Amino acid sequence: HYLDIFRKSLEEPEKLWAEVGSVLDWYTPWTKVLDNTDEPFTKWFVGGELNACYNAVDRHVLTGKGNKVALIHDSPVTNSIRKVTYKELHEKVSKLAGVLVSNGVKMGDRVVIYMPLIPETIIAMLATVRIGAIHSVVFGGFAARELCVRIDHATPKVIIAASCGIEPNKIIRYKDILNEALAACTDKPRKCIIFQRRNVECCPLTPGMDIDWDEALEASQPHPCVPVESNHPLYILYTSGTTGQPKGVVRPTGSHLATLAWSMKAIYNMDSDKDVWWAASDMGWVVGHSYICYGPLCAAVTAVMYEGKPDRTPHPGQYFRVIQEHRVSGIFTAPTALRVIRRADQFLQIGGNYSTKSLKYLFVAGEHCDHETKLWAEKAFKVPILNHWWQTETGHAITANCVGLGHSVKPPKFSAGLPVPGYDVRIIGEDGLECSPGEQGRIVIKLPLPPGNMSTLYKDTQRFLELYFKKYPGFYDTMDAGYRDENGYIYVTARDDDIINVAGHRLSTAALEDVVLSHPDVADAAVIGVPEFTKGDIPLCLYVLKPGVTKEEEIVNEELVKLVRKLIGPIAAMKLCVPVSALPRTRSGKIARKSLADLARNKAVKISGTIEDPTVYKEIKAALQKVGYAKAAPDPQ
């Protein structure tokens, strides 16, 4: 089944994607499925007109699914569970759309959304696209500086924000952060619509600028959906890795919604009438856009929004409780979450009190999933753990185990799956030639990219062309390294900056971390390359011990060095190991390795607004100094 569809996607793309496009409702049919006359600015479903909100909400109400639960907001941080039906979504979204229109927002205008993981965030997104405007969701809890940069770049007519968000043991006052950002902005919005989280904390409103969400909805008339052309931007999402200038990924409407709705079944095997889906992410990331909001809503699959942590809110059994309570059948999460649960509840003293029998699959993406964690999670959740790989730029998976297309749920160890239909994945070596199976190279994708990928970078066409298409003409450069095996499975070894060069040998930090994490006393680890006189780079390992381990530091260090020597070989030359109490992780779970490598090299480190706990750097600097690095480094700011 998969092979037929995959072949069709490369040989007869118009035919396959026309079938996929028909899963949506269109006001005006397209005149052309694919227009690739101006590659890489590929257009899909040209001339077709549709509305994203209509496809996510209205059409389900019209076909009698109004009382079906669209979203389950499960929020241990506020101790509440709230179920939102399509009917309630429709009512609130169309009224909020009316509020936006009455404040001057029209087709093509931008609306910045700065909110936590609550149904109102999705209501704000849908209200924006209902009138043909373009949303840019900024991750709640980004610092004022990060928010200001995005507001200045997107120039929104209106900003929609919530009074606050909640982290374990602290309230984050979004409104204060917004006020600080606006004070520094050169381009100010006309109005801010503020959703007061009355069950948590309200904030003072600025007269003349702020509108109270509840009052505005009360007074508003519902607004109908506005049709837009298929290639009209749905949203702008700013992605990390931004040096100075923000990198705003622009997503086209029709092709993205069609592939997402199709992928809910094809990749994740979720059915509208019987499955409950849970993407454990945040609305500020691409996973939240694709698989908390648009994918499940367009496919009419009930989606869980979980406002909490894998542990600490209040205990590490929460994932198991959510599965049991809402009969979840598919989960998408970052491997970090599984590592956190394993660290806190390895023998399932808490998690074991819940049943996971409704669960069919657990999908992971976003970073490397080490084998120890995978094996533990398969036992703990009693389902296959399936890795897949994609990027903010692509909007959905590039490689996956497409269970809906009959892929094996026992893929080869460490693989990221097979190419998803539409992705002609190639591995290219340093010499520019294609690599043979097993040979590592740069992962690129032959153009045209399938529907649903970004259409450009906002206000930065030149950078779009240079960054993604210049190095390998005719291909999209994923900037990831990896290889393919003889059965076609793709292995993503590392982003290029996760490779260290030890005496001319390229080593993946992920492979070294895997080995370190297999040590029974280690809970978390980061390996970075640090400069060394003879070898160029050598690996340095920062690790976190499991709670209750009393072994001497020297003994653990020696065991880790031996383990790496045994499993990777002496070539790794890993001799430097330092225990720390925590590592800097972003809220989406990635370790900020580059900042650690820079710190070790005495470079100034600017702490990113996405780091969950910025205080960890102080201890890490001292730890690095203990082994002779970061001696002259300024304190990370």
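Residues numbered from 1 in each chain as written. Predicted model: local features only at pLDDT ≥ 70, side-chain atom pairs only at ≥ 80, totals over all residues. Heavy atoms only, no water.

**Digging into the overall build of the chain**
Looking only at helices and strands, the chain has 18 helices and 32 strands in total. For 637 residues, the compact-globule estimate of 2.2 N^0.38 gives 26 Å, and the chain sits close to it at 24 Å. Its C-alpha atoms give the chain principal-axis dimensions of about 70 × 60 × 50 Å. Counting all 637 residues of the chain, 63% fall into the buried class. Taking the intrachain contacts of the chain between residues at least 6 apart in sequence as the baseline, contacts between residues at least 24 apart amount to 70%. (Helix = DSSP H or I, 4+ residues; strand = E, 2+ residues; numbered from the N terminus. Rg over C-alpha atoms; globule rule 2.2 N^0.38 Å. Buried < 20%, exposed > 50% of the residue type's maximum accessible area, 1.4 Å probe, protein only. Contact = heavy atoms within 4.5 Å.)

**Some points on the nonpolar core**
Looking at soluble globular proteins, one finds that nonpolar side chains tend to be buried together. Core analysis: the biggest nonpolar cluster contains 116 residues, and Leu126, Ile160 and Tyr294 have the highest contact counts within it. Residue contributions to this core peak at eight residues, all from helix α10 (residues 286-298). Sequence-distant contacts of Tyr294, defined by excluding residues within four places in its chain, comprise Ala52, Met125, Leu126, Val129, His135, Leu234, Tyr235, Leu257, Leu260 and His289. Counting 29 residues, the second largest nonpolar core, distinct from the first, contains Ala144, Cys148, Ile177 and Val250. (Core = buried A, V, L, I, M, F, W, Y, C linked by side-chain atoms within 4.5 Å.)

**So, the pairing of strand β17 (residues 302-306)**
Taken across its five residues, β17 has five buried, putting it largely inside the fold. Where strand β4 (residues 69-75) and β17 come together, four bridges link them in parallel fashion. Looking at β17, one finds that Leu71 is bridged to Ala303. As paired strands, strand β16 (residues 276-279) and β17 are joined by three bridges and run parallel to one another. Residue pairing in the sheet places Val276 in a bridge with Thr302 of β17. Regarding topology, α10 serves as the crossover connection from β16 to the parallel β17, and that connection is right-handed. (Pairing = 2+ DSSP bridges. Right-handed = clockwise from strand over helix to strand, strands pointing away.)

**A closer look at the packing of aromatic side chains**
How two aromatic rings sit relative to each other is set out by the distance from centre to centre and by the angle between their planes. Counted under the stated rule, the structure contains 31 aromatic pairs. Look at Trp277 and Tyr291: their rings are 6.3 Å apart centre to centre, the planes differ by 70°, and that puts the pair in the edge-to-face class. In this pair, Trp277 is assigned in strand β16 and Tyr291 in helix α10, connecting sequence segments 14 residues apart. Relative accessible area serves as the criterion here: at 0%, Trp277 is assigned to the buried category. The class for Tyr291 is buried, based on a relative accessible area of 0%. Aromatic pair Trp278 and Tyr319: ring centres 4.6 Å apart, planes at 50°, arrangement tilted. (Phe/Tyr/Trp six-rings, centres within 6.5 Å; stacked < 30°, edge-to-face > 60°.)

**Quick notes on the side chain of Glu513**
Relative to the assigned elements, Glu513 resides in helix α15 (residues 509-517). The contact partners of Glu513, leaving out residues within four places of it in the chain, are Ala525, Ala526, Val527 and Arg593.

**Concerning the domain arrangement of the chain**
The figure often quoted for interface size is the accessible area lost as the parts come together. As far as domains go, the chain holds domain 1 (86-226) and domain 2 (503-627). Taken together, the contact pairs seven residues of domain 1 with seven residues of domain 2. The interface formed by domain 1 and domain 2 includes one residue pair in polar contact (both at pLDDT 80 or more). Considering only residue class, the side of domain 1 that touches domain 2 consists of three nonpolar, one polar and three charged. (Domains from an automatic or database assignment. Polar contact = N/O pair within 3.5 Å; in protein donor to acceptor, adjacent residues only side chain to side chain. Nonpolar A, V, L, I, M, F, W, Y, C, P; charged D, E, K, R; others polar.)

**Topic: the packing of helix α2 (residues 13-21) against helix α9 (residues 253-266)**
Packing of α2 against α9 leaves a shortest axis separation of 9 Å and a crossing angle of 80°. Taken as axis vectors, α2 and α9 run roughly perpendicular relative to one another. Side by side, α2 and α9 meet where Trp17, Val20 and Gly21 of the first sit next to Ala258, Thr259 and Trp262 of the second. Tallied by class, residues from the contact of α2 with α9 come to four nonpolar, two polar and no charged. (Axes fitted to C-alpha atoms, helices over the stretch in contact; angles between N-to-C directions. Parallel < 35°, antiparallel > 145°, perpendicular 65-115°, else oblique.)

**Some points on the environment of Val112**
Locating Val112 in the fold gives a position in strand β6 (residues 110-114). The exposure class assigned to Val112 is buried, which follows from its relative accessible area of 1%. Remark: the alpha-carbon pair of Val112 and Lys546, spanning 434 residues in sequence, is separated by 41 Å. Here Val112 is in contact with Ser136, Val138, Leu147, Ile151, Ala154, Pro156, Val158, Ile159 and Ile160, once residues within four sequence places are set aside.

**Quick notes on the UniProt feature "domain: Acetyl-coenzyme A synthetase N-terminal" (unreviewed entry) in the chain**
The sites that UniProt annotates as "domain: Acetyl-coenzyme A synthetase N-terminal" (unreviewed entry) are residues 2-56. Within residues 2-56, the helical portion is 44% and the strand portion 18%, while the C-alpha atoms at the span's ends are 27 Å from each other. (UniProt positions renumbered as here; feature names shortened; annotations may be inferred.)

**As for the side chain of Gln391**
With respect to the helices and strands, the residue Gln391 is situated in the loop between β20 (385-387) and β21 (399-400). With a relative accessible area of 6%, Gln391 lands in the buried category. At a separation of 3.1 Å, a polar atom in the side chain of Gln391 contacts the side chain of Asp480.

**Observations regarding the UniProt feature "domain: AMP-binding enzyme C-terminal" (unreviewed entry) in the chain**
Look at the UniProt record and you will see "domain: AMP-binding enzyme C-terminal" (unreviewed entry) annotated at residues 512-590. The span residues 512-590 is 27% helical and 32% strand by assignment, and the distance between its end C-alpha atoms comes to 16 Å.

**Concerning the sheet that holds β16**
Backbone hydrogen bonds hold the strands of a sheet together, and the pairing may be parallel or antiparallel. The mixed open sheet is built from seven strands, whose spatial order is β5-β4-β17-β16-β18-β19-β20. The strands lining the two open edges of the sheet, one partner per strand, are β5 (80-85) and β20. When strand polarity is set aside, the average angle formed by the axes of neighbouring strands in this sheet is 20°. Sitting on the sheet, helix α4 (residues 86-102) touches β4 and β5, and the angle it makes with β5 is about 80°.

**Focus on helix α17 (residues 593-600)**
Extensive coverage of α17 is indicated by the burial of seven of its eight residues. The complete set of buried residues in α17 reads Arg593, Ser595, Leu596, Ala597, Asp598, Leu599 and Ala600. Contacts made by the buried residues of α17 are with α15, β30 (522-532), β31 (536-545) and α18 (616-626). Downstream of α17 by a residue or two, Asn602 has a phi angle that is positive, lying close to 65°.

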